[in-house]
Amino acid sequence: MCGIAGIVSQQATVNSDLFDALTMLQHRGQDAAGIITNEGHRLYLRKENGLVRDVFHADDQMAKLRGNMGVAHVRYPTAGTSTSAEAQPFYTNTPFGISLSHNGNLTNAEELKQELFLEDRRHLNTESDSEVLLNVFAHELLQRGVLRLTPEDIFAAVSGVHLRCRGAYACVAMITGYGVVGFRDPYGIRPIVYGRREAAKGGYDYLIASESVALDALGYELVDDIAPGEAVLITLDGKLHKRQCAANPIYSPCIFEHVYLARPDSVMDDIYVYKARLRMGVKLAEKILRDWADHDIDVVIPIPDTSRVAGAELAARLGVLYREGFIKNRYIGRTFIMPGQAQRKKSVRQKLNPVDIEFRGKNVLLVDDSIVRGTTSKEIIEMARDAGAKKVYFASASPPVRYPNVYGIDMPTSSELVAHGRSLAELEAMLGADRLIYQDLEDLIDAVQFGNPNITRFDCSVFNGEYITQDVTTEYLNQLELFRSDAAKAARRKAQTVIELPNA
Ligand SMILES: O=P(O)(O)OC[C@H]1O[C@H](OP(=O)(O)OP(=O)(O)O)[C@H](O)[C@@H]1O
Ligand SMILES: NC(=O)CC[C@H](N)C(=O)O
Ligand SMILES: [Mg+2]
């Protein structure tokens, strides 16, 4: 769930707008950030590990990113390694000079790598699936055999990508001297929207981004989502062209965006994330009232940040006090998307501190949006007890996360998921809760789908193990586990002795 952005502007420079867009998307990736811009025949790139504000810390670095068109990225790795060489945007020089930012994860990257080497004669320099995707797009464009591009050529190349790539991809690609194209896989697994802003000298500036919050902050009005399989091209002269490039697109966005990944103030696929989270709170309250009518909950306490919206509504519907019993240190990032378990565990205690008067002698219901590895819930339950709570109940606004994600969330290993293979009673004991309540999957789907009944299915694979692309075999999952478990990643980090050749 990286964050991507692309701008074609009628003004002179896009560097600060891309920086601002990335800052609005920081919650989607904390590992690395990058911006590439284009002026005339030249490209200007800066990418590095770190948060947006650290990567672009000096004014002169920003000033060097020249031009009125560019694409940008914040990374949360799901493939390859987390070295700066795999930070994005990626660049390839043939044909035309193409730069690409990708959110998602390809499920056939290994086969494509072979094809690219053996048949297309293209060189890949990293383990990143995004570099694979870029080279497939580049090869498809090269196959057009033209010197002067037209929108038709770009759309044909995107169609070619849809035929060859499987998995999740929401992308922005910049073709040097020509324009920026945004496209989305035929299932629309990861989000991507576009908007426009009137330019001072006439016409429009266009911004394509992962979430609408990026548009809000920069004064762009949301035009639409890019539909599954669709491509939206903005040429340097400010013209917009769009086309459905997939033969059989099927809207199936990832439901976990609404649970945790996205900001609540984003609207994606016409669904207001904030409202979806309120409805998750309503559904959870209904379940508690249904199954545990004589509950003795004194106070509902959310686990900041993401569960706040659902938690407040849950408390209101139960008619129970809602209190901010945990105070969050605003300088610690999101723990779930941190790279290693040791760092995640330490961060929970650094990040959240209890206000003990809200716990002392009370039966508290702690609410979180999800329980994934159990890092947060286990620590928090212990902290609530230490703060003097009489009973500690725990509710999750989503169902148990039991299966790996292969579409751009780094949950590759079922054994790392606390709910995998465990019953409710086992989980209660393991996490140390007096009672554990999970949202039912049908209720979660209802809560999200209510915002846009036209979407008839969601990717819920982390909850039900059904992978909508239908190409995810046990063998693939085993390979993924071997390569991307916390232990495997740590070993690779240690063994990394090669001097990097940054892409571009
Ligand atoms: O079971 P776990 O493996 O701990 O993962 C789940 C937790 O991680 C996320 O919080 P995070 O700190 O990433 O971000 P937030 O501040 O947006 O809630 C999520 O909101 C849960 O609190
Ligand atoms: N989370 C993502 O979208 C990751 C994008 C890409 N697979 C990478 O690892 O860089
Ligand atoms: Mg959280």
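Please read these numbers as outputs of a predicted model, since none were measured by experiment. (Residues numbered from 1 in each chain as written. Chains lettered and ligands numbered in written order. Predicted model: local features only at pLDDT ≥ 70, side-chain atom pairs only at ≥ 80, totals over all residues. Heavy atoms only, no water.)

## Description of the sheet that holds strand 13 (residues 240–244)
Alright, step 1. Pairing within the open sheet is antiparallel, and its 6 strands lie in the order 5-6-7-8-12-13. Looking at the sheet topology across the chains shown, the edges are occupied by strand 5 (90–92) and strand 13. Direction aside, the axes of adjacent strands within the sheet are offset by 20° on average.
Alright, step 2. Packed onto the sheet, helix 5 (residues 129–142) meets strand 5, strand 6 (98–106), strand 7 (167–175) and strand 8 (179–184) and runs at close to 125° relative to strand 6. (Pairing = 2+ DSSP bridges. Helix = DSSP H or I, 4+ residues; strand = E, 2+ residues; numbered from the N terminus. Axes fitted to C-alpha atoms, helices over the stretch in contact; angles between N-to-C directions. Contact = heavy atoms within 4.5 Å.)

## Overview of the site of ligand 2
Alright, step 1. Around ligand 2, 15 residues are found, and the nearest of them are Met 1, Cys 2, Arg 75, Gly 104 and Asp 129.
Alright, step 2. Within the side chain of Asp 129, an N or O atom sits 2.7 Å from a nitrogen atom of ligand 2.
Alright, step 3. For ligand 2, the protein covers 100% of the area, taking 300 Å² as the surface of the free molecule.
Alright, step 4. Elements with a minimum of two residues in the shell around ligand 2: strand 6 and helix 5.
Alright, step 5. Examining the composition of the shell around ligand 2, we find that 4 residues originate from one element, strand 6, more than from any other.
Alright, step 6. Of the residues belonging to the shell around ligand 2, the class tally is 5 nonpolar, 8 polar and 2 charged. (Near = heavy atom within 4 Å. Polar contact = N/O pair within 3.5 Å; in protein donor to acceptor, adjacent residues only side chain to side chain. Areas by Shrake-Rupley, 256 points an atom, 1.4 Å probe, with all protein chains shown as cover. Nonpolar A, V, L, I, M, F, W, Y, C, P; charged D, E, K, R; others polar.)

## Some details on the site of ligand 1
Alright, step 1. Around ligand 1 sit 17 residues, and of these Thr 306, Lys 351, Asp 368, Asp 369 and Thr 376 come closest.
Alright, step 2. One of the backbone N or O atoms of Val 372 is found 2.7 Å from an oxygen atom in ligand 1.
Alright, step 3. Surface burial for ligand 1 is 97%, taken as the share of its 500 Å² of free accessible area covered by protein chains.
Alright, step 4. Along the lines of polarity and charge, the residues of the shell around ligand 1 split into 5 nonpolar, 6 polar and 6 charged.

## A look at the UniProt feature "active site" (unreviewed entry) in the protein chain
Alright, step 1. Residues given the UniProt feature "active site" (unreviewed entry) here are Cys 2.
Alright, step 2. Mapped onto the elements, Cys 2 comes out in the segment before strand 1 (3–8).
Alright, step 3. With a relative accessible area of 5%, Cys 2 lands in the buried category.
Alright, step 4. Leaving out residues up to four positions away in the same chain, Cys 2 has contacts with Arg 28, His 73, Val 74, Arg 75, Tyr 76, His 102, Asn 103 and Ser 210. (UniProt positions renumbered as here; feature names shortened; annotations may be inferred. Buried < 20%, exposed > 50% of the residue type's maximum accessible area, 1.4 Å probe, protein only.)

## Considering the UniProt feature "binding site: Mg(2+)" (unreviewed entry) in the protein chain
Alright, step 1. This chain's UniProt record puts "binding site: Mg(2+)" (unreviewed entry) on Thr 306, Asp 368 and Asp 369. A stretch of 64 residues holds the annotated residues, and the largest C-alpha distance among them is 7.4 Å, short enough that they meet in one place.
Alright, step 2. Residue classification places Thr 306 among the buried residues on the basis of a relative accessible area of 14%.
Alright, step 3. In this view, Thr 306 contacts Val 259, Tyr 260, Arg 277, Arg 334 and Asp 369; residues no more than four positions away in its chain are not counted.
Alright, step 4. Note that Asp 369 resides in the loop between strand 20 (363–368) and helix 12 (375–386).
Alright, step 5. Classification of Asp 369 by relative accessible area gives buried; the value is 7%.
Alright, step 6. Sequence-distant contacts of Asp 369, that is, excluding residues within four places in its chain, are made with Val 259, Tyr 260, Thr 306, Ser 307, Ser 396, Ala 397 and Ser 398.

## Observations concerning the side chain of Arg 184
Alright, step 1. Relative to the assigned elements, Arg 184 resides in strand 8.
Alright, step 2. Residue Arg 184 is classed as buried on the basis of its relative accessible area, which comes to 0%.
Alright, step 3. Among the polar contacts listed, one links the side chain of Arg 184 to the side chain of Asp 269, at a separation of 3.0 Å.

## Here we look at the pattern of salt bridges
Alright, step 1. For the structure on display, the rule yields 36 salt bridges.
Alright, step 2. Of the charged contacts in the structure, one is a salt bridge between Arg 184 and Asp 269, with a shortest N-O distance of 3.0 Å. Placement of the pair is Arg 184 in strand 8 and Asp 269 in the loop between strand 14 (267–268) and strand 15 (271–272), with a sequence separation of 85 residues.
Alright, step 3. A cluster of three or more residues bridged by salt bridges with shared partners is formed by Arg 28, Arg 190, Glu 211 and Glu 257. (Salt bridge = Lys/Arg side-chain N within 4 Å of Asp/Glu carboxyl O.)

## Quick look at the packing of aromatic side chains
Alright, step 1. Taken as a whole and assessed by the stated rule, the structure comprises 10 aromatic pairs.
Alright, step 2. Between Tyr 272 and Tyr 274, the aromatic rings sit 6.3 Å apart at their centres with planes inclined by 65°, giving edge-to-face as the arrangement.
Alright, step 3. A residue is classified by how much of its surface remains accessible, and Tyr 272, at 36% relative accessible area, is partly exposed.
Alright, step 4. When its relative accessible area of 38% is taken as the criterion, Tyr 274 is described as partly exposed. (Phe/Tyr/Trp six-rings, centres within 6.5 Å; stacked < 30°, edge-to-face > 60°.)

## With respect to the environment of Ser 82
Alright, step 1. Take Ser 82: it is sitting in the loop between strand 4 (69–75) and strand 5.
Alright, step 2. Taking the C-alpha atoms as reference points, Ser 82 and Asp 31, separated by 51 residues in sequence, lie 7.2 Å from one another.

## Details of the pairing of strand 21 (residues 391–396)
Alright, step 1. Where burial is concerned, most of strand 21 is hidden: 5 out of the 6 residues are buried.
Alright, step 2. In this fold, the crossover linking strand 20 to strand 21 by way of helix 12 has right-handed handedness.
Alright, step 3. Pairing of strand 21 with strand 22 (residues 435–438), which is carried by 4 bridges, proceeds in the parallel orientation. The residue bridging Ala 395 from the neighbouring strand is Ile 437, located in strand 22.
Alright, step 4. For the handedness criterion, the β-α-β arrangement of strand 21, helix 13 (residues 424–431) and strand 22 is classed as right-handed. (Right-handed = clockwise from strand over helix to strand, strands pointing away.)

## Thoughts on the side chain of His 139
Alright, step 1. Within the secondary structure, His 139 sits in helix 5.
Alright, step 2. The class for His 139 is buried, based on a relative accessible area of 10%.
Alright, step 3. Of note is the side chain of His 139, whose polar atom sits 3.3 Å from the side chain of Asp 120.
Alright, step 4. For His 139, the contacting residues outside a window of four places in its chain are Asp 120, Arg 122 and Arg 164.

## Describing the nonpolar core
Nonpolar side chains in soluble globular proteins tend to end up buried together.
Alright, step 1. The biggest cluster of nonpolar side chains holds 54 residues, and the ones touching the most others in it are Phe 256, Leu 365 and Phe 463.
Alright, step 2. Those elements that place two or more of their residues in this core are helix 8 (256–261), helix 9 (273–291), helix 10 (308–318), strand 20, strand 21, helix 14 (441–449), helix 15 (461–464) and helix 16 (474–484).
Alright, step 3. When residues of this core are assigned to their parent elements, the largest contribution, 5 residues, is made by helix 9.
Alright, step 4. Not counting chain neighbours up to four residues away, the residues in contact with Phe 463 comprise Ile 255, Phe 256, Val 259, Ser 398, Pro 399, Pro 400, Val 401, Tyr 403, Leu 441 and Leu 444.
Alright, step 5. Core analysis: the next-biggest nonpolar cluster, separate from the first, contains 32 residues, Leu 112, Ala 138, Val 161 and Tyr 169 among them. (Core = buried A, V, L, I, M, F, W, Y, C linked by side-chain atoms within 4.5 Å.)

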